[in-house]
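Close look at the chain arrangement
Letter by letter, the chains look like this.
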2 protein chains.
Amino acid sequence: MAIFDMLPVKFSLFTSSILNTSTVVAITVFVTLLCACIVIGHLLEENRWANESITALLLGLVSGGVVLLVSGGKSSRILVFNEELFFIYLLPPIIFNAGFQVKKKQFFKNFSTILLFGIIGTIISFCLISLGAFLLFKRLGLTSLGIKDYLVVHIEHMKIVFAAAIGAIFSATDSVCTLQVLNQEETPFLYSVVFGEGVVNDATSIVLFNAVQSLDFSDIDVFTALKLLGTFLYLFCTSTALGITVGLLSAFGIKTLYFGRHSTDREVAIMMLMAYLSYMVAELLSLSGILTVFFCGIVMSHYTWHNVTESSRVTTKHSFATLSFIAETFIFLYVGMDALDIDQWKESSASAETSLAVSATLFALVLIGRAAFVYPLANISNCIKRRDGDKIELRKQFIIWWAGLMRGAVTIALSYNQFSSSETSSSTVYPLLITSTIIVVLFSTVLVYNFHNSTRTCILEHAYVMHFWKQVCGSVTKPLINAVMLRNAKPTTSDATDFASLDDLGLLFLENGGSNDASGNQEAPRSSRFRLLMRYPTYTVHHLWRRFDDRFMRPVFGGRGFVPVVPGSPTGAADDQTS
Amino acid sequence: MAIFDMLPVKFSLFTSSILNTSTVVAITVFVTLLCACIVIGHLLEENRWANESITALLLGLVSGGVVLLVSGGKSSRILVFNEELFFIYLLPPIIFNAGFQVKKKQFFKNFSTILLFGIIGTIISFCLISLGAFLLFKRLGLTSLGIKDYLVVHIEHMKIVFAAAIGAIFSATDSVCTLQVLNQEETPFLYSVVFGEGVVNDATSIVLFNAVQSLDFSDIDVFTALKLLGTFLYLFCTSTALGITVGLLSAFGIKTLYFGRHSTDREVAIMMLMAYLSYMVAELLSLSGILTVFFCGIVMSHYTWHNVTESSRVTTKHSFATLSFIAETFIFLYVGMDALDIDQWKESSASAETSLAVSATLFALVLIGRAAFVYPLANISNCIKRRDGDKIELRKQFIIWWAGLMRGAVTIALSYNQFSSSETSSSTVYPLLITSTIIVVLFSTVLVYNFHNSTRTCILEHAYVMHFWKQVCGSVTKPLINAVMLRNAKPTTSDATDFASLDDLGLLFLENGGSNDASGNQEAPRSSRFRLLMRYPTYTVHHLWRRFDDRFMRPVFGGRGFVPVVPGSPTGAADDQTS
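Described in the following lines is the structure provided in the data block. (Residues numbered from 1 in each chain as written. Chains lettered and ligands numbered in written order. Predicted model: local features only at pLDDT ≥ 70, side-chain atom pairs only at ≥ 80, totals over all residues. Heavy atoms only, no water.)

1. Quick notes on the overall build of chain A
Helix and strand counts for chain A stand at 25 helices and zero strands. Here chain A, with 579 residues, has 59% of them falling under the buried criterion. Taking contacts inside chain A between residues at least 6 apart in sequence as the whole, the part at least 24 apart equals 80%. (Helix = DSSP H or I, 4+ residues; strand = E, 2+ residues; numbered from the N terminus. Buried < 20%, exposed > 50% of the residue type's maximum accessible area, 1.4 Å probe, protein only. Contact = heavy atoms within 4.5 Å.)

As structure tokens, then:
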């Protein structure tokens, strides 16, 4: 058969041999691990210390370790961390689903707070972390870390750029992680604020980093600040407008084209494709894809979703959630597996102490940077708000601070992209920054998540229940404490199972409706004329929007109640949950 | 700012700049075109000359042309044809969905015919096409096509290898294309035979091509043939067993773990992941992934699907169909766009006449190769079958021959993989073969599809209706002809709208039930003891299987009627269609 060796014919004809074996192995391992995560996560559902994400993180670490052992300490990676995979395939479904399933009324009610945190807060945090990182670099001495081939003025400038990059990477709350800590059903207010902030600060971060690129730090004046604000407003408005446009287009298209003869597969396909298109177009135009796809999700759930058949509704609702769920689990698995990236650890010639010191400093900076804006801004927001119930009390501020601390896959992806350039292999500061990022991410994810869970039932429980005790009459307290104890039992048992929503429950008792709007109905129970007047501003905006929506938007784009019910299509639970 | 140029810091921090612009552009263009295909395909639904696939093919051609013009004739490709994309992401959902939605009873009733066509038929076709290609190469003279750097004995051998590769590539029916031509609802028998053949011959092709690789053609004896048969049986059985095992595992897992506390997202996620896992494991073990994932789909629809919640059922049913639909449209778009691949056309220095001659010869070989096994094998099958109604009449044989002629994306992918090796750029026979493949695919897809559609209503209609006229009484004929005329109106109007199923209808009238089993119920109406006896063999196997299934399988793995209905979950249409 030696004759064959000389012939220029490849003998790899069929699928089994066409595919690159390493790709097939990587996919098989990841899919198997994903299945394992789901099963284990399900088995540990009762356990307050773990969920799918933590399971995925730990399973990723373990498999990374196994691969490391098998390969004889040479490599721990099956898939190379790939920003494209992350930003093109994994992030869009997660953010879209979040927009699709978000409680719109709650979200827009807190919109001013969200914008305040997302814009001003991110800027404050960015400045503090950048400053801290700059001082850290000064202290460590960048030169000792391998970069000594540049003039002093360059090193000075480089420290600023590094510091600003670190500031931009670490000041952004990871919206994917927020989904893991806060539950929309349990704590609608906190969820909408922290998650909304995570979405909005994507746009802020783009502006900030572009600013760092093009600005001369020795020459900042009011004009520059105004220009930056203008850029931000442009980015924010165009991204939002793009998302809304694509959403409305899908609603209009489906209403006009498919109304008479519904075809479920086409409807679902076009919803998926349009949503994805909005993200890609935003990326193409250098806008904030996250913001765009989030608003596209909101518009789609408000209009498009009501124009499709009942089976399309069920399918879209669950398939978007499933895709998002798989993507999230995949990300955590990936991060876990990537943490043992031996190449980065080897390249980072800095000692373990330096690594830990840098990580600790970064995490401390994140803690301080976040505290520095959450508490002041929450108090400013409180001053503006007229109604007592709308105010953000200290414990809610604490949770906003805490829940937004997590740094996740977005941080790692950005850090890799920023610090893993092959052309500067001589520099050892890059691997150091990557390994420090990984440590911060692992630490913040596992600790914040578990501390959050445990404090909810152990430490905070006491203080909060004590506090609450004074507020509501004694007769309600006992069952509520029991409910708090059992808080992990079922999320659908509504607000009463969480300490934070005890507060909402308090609002409910005291004011007879307000923040509790799971049904999304227009007519909230109005307790008295006086209270109606007190919450006038929000109410007016909402009222005007409803009138505009009913008169102009829904007749064109469809929506709840504006699309004749298809005969025989059952309406019910599915209908209520998403609107 | 010149100072920045010298710094080893990349300024691409955020998503908009992280992503490779060409990737973003390619994805945006493809998603936009997919949306356009769906909308146009929907608008043309009444038109018998087009559907989503043909639209996608033409739209792909047009966009390829536009890109060609814009780039000034340099490139017509946005995405480079990538076998991995095709075999890893696009093919599995299509085949899985086909298995998931296939009418199992119909499929297994015709299983012997399917195996006959899929194994013996493919071998016959392979031999004929290989022989024809060999003679073609001899006639054209391979040396004149650029390969003259080898010894005569090498060229002789090369011709054999080339011919065998061509035989293997062109003898396999493209199961994706079959889905486009035949409709399961309209023509269940023909669909199951032609599609089933396409699934089974994947395994046959692997064996055949491996045989070509390792065999010495001068020394073929009975022992070699037996060895090949053994290899095929091994491949077929292990692939099937793997698919069934994974399917049963998912059924058992979901039944055991999730039964009490249903979680839709997890259920759907685990079904998707397990199905995909079966394909990837098969590829990893060098088995037939297509066969594996197809049987996994069958088992999942029989057991797993009944173990999940009602909303999971609706979601899986439609989301699998949607993913498959998107993948199919994408493939046709891709093939259309790829047809104008200017590089291949340029490299192929052969004249247009040679290209066309090769293409025409190849297509003629496909026609002959298929005819050479469909008609004889159908007649052999008829001899074995006892019942008149089970026999494959001449017109059905014609459709089996015709519908299996289409060659599609699988053919192109294999051809690219086989003939586009960079190391042999001196050879011009490779580009020639690729361009010829593209011509054959375009020609066969557009022509077969349209001829099939038009003949169904124009040419064949006359002959078939005439033939049918003699069979059923005159009073039924008129509405039936009308139904034939309107056959494109709605597929759900069941068998009466298609000439082929007029036949099934005939069976229905004549024998009161048999091939018409849309409901999948156990008790087919039995017209008389005599006929029951006549169809004894099939009935016995089915009966034994049902007993085994009910007694041993369903209690363990769940299934229709063996899982307590979840209170409040509506059962109905969705339940009936997939089983």
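On we go from here.
2. Observations regarding the environment of B:Ile169
Along the polypeptide, B:Ile169 turns up in helix α8 (residues 152-171). Sequence separation between B:Ile169 and B:Thr113 is 56 residues; the distance between their C-alpha atoms is 22 Å.

3. Details of the packing of helix α5 (residues 83-101) of chain A against helix α14 (residues 310-339) of chain A
Residue and element names in this part refer to chain A. Across the interface, α5 lies against α14 with an axial gap of 8 Å and an inter-helix angle of 135°. By the criterion of interaxial angle, the relationship of α5 to α14 is oblique. The handedness of the crossing between α5 and α14 is left-handed. Together, Leu-85, Phe-86, Leu-90, Pro-93, Ile-94, Phe-96, Asn-97, Phe-100 and Gln-101 of α5 and Thr-316, Lys-317, Phe-320, Ala-321, Leu-323, Ser-324, Ala-327, Glu-328, Phe-330, Ile-331 and Tyr-334 of α14 make up the contact between the two elements. A per-class count over the contact of α5 with α14 returns 14 nonpolar, four polar and two charged. (Axes fitted to C-alpha atoms, helices over the stretch in contact; angles between N-to-C directions. Parallel < 35°, antiparallel > 145°, perpendicular 65-115°, else oblique. Left-handed = near helix turned anticlockwise from the far one by under 90°. Nonpolar A, V, L, I, M, F, W, Y, C, P; charged D, E, K, R; others polar.)

4. Things to note about the side chain of A:Thr122
For A:Thr122, the location among the structural elements is in helix α7 (residues 111-140). Judged by its relative accessible area of 1%, A:Thr122 falls in the buried class.

5. Quick look at the packing of helix α12 (residues 264-284) of chain A against α14(A)
Residue and element names in this part refer to chain A. At a minimum axis distance of 10 Å, the contact between α12 and α14 shows a crossing angle of 40°. As judged from the angle between their axes, α12 and α14 are oblique. Helix-helix and strand crossings are classified by hand; for α12 and α14 the assignment is right-handed. Across from Thr-264, Glu-267, Val-268, Met-271 and Met-272 in α12, the residues of α14 making contact are Ser-311, Ser-312, Thr-315, Thr-316, Ser-319, Phe-320 and Leu-323.

6. Overview of unusual backbone geometry
All names here are of chain A. Located in the positive-phi region is Ser-286, a residue other than glycine, with phi close to 60°. Its place among the elements puts Ser-286 in the loop between α12 and α13 (289-302). On the basis of relative accessible area, Ser-286 is assigned to the partly exposed category, the value being 40%.

7. Digging into the pattern of salt bridges
The final tally for this structure, using the stated rule, is eight salt bridges over all chains. As a salt-bridge pair, A:Asp549 and A:Arg554 come within 2.9 Å of each other at their nearest N and O atoms. Judged on exposure class, the residue A:Asp549 and its partner A:Arg554 are both buried. Across the pair B:Glu310 and B:Arg313 runs a salt bridge whose closest N-O atoms are separated by 4.0 Å. Here B:Glu310 pairs with B:Arg313, and both are found in helix α14 (residues 310-339), just three residues apart, close to one helical turn. Taking relative accessible area as the criterion, B:Arg313 reaches 12% and is therefore assigned buried. Several salt bridges share partner residues, and in doing so they unite A:Asp549, A:Asp550 and A:Arg554 into one network. (Salt bridge = Lys/Arg side-chain N within 4 Å of Asp/Glu carboxyl O.)

8. A short note on the packing of aromatic side chains
All names here are of chain A. Scanning all chains against the criterion turns up 42 aromatic pairs over all chains. Each ring, one from Phe-86 and one from Phe-87, has its centre 4.9 Å from the other, and the planes form 85°; the classification is edge-to-face. In this structure, Phe-86 and Phe-87 share a single accessibility class: buried. Taken together, the ring pairs in this structure connect Phe-107, Phe-108, Phe-111, Tyr-191, Phe-195, Phe-294 and Phe-295 into an aromatic cluster. Sitting over the face of the ring of Trp-305, Arg-313 holds its NZ or CZ atom 5.7 Å from the ring centroid. (Phe/Tyr/Trp six-rings, centres within 6.5 Å; stacked < 30°, edge-to-face > 60°. Lys NZ or Arg CZ within 6 Å of the ring centre and 35° of its normal.)

9. Remarks on the environment of B:Leu365
Residue and element names in this part refer to chain B. Relative to the elements of secondary structure, Leu-365 occurs in helix α16 (residues 352-384). The spacing of Leu-365 and Ser-125 is 240 residues in sequence and 8.8 Å in space, taken between C-alpha atoms. Discounting residues that sit within four places of it in the chain, Leu-365 has contacts with Leu-128, Ile-129, Gly-132 and Ala-133.

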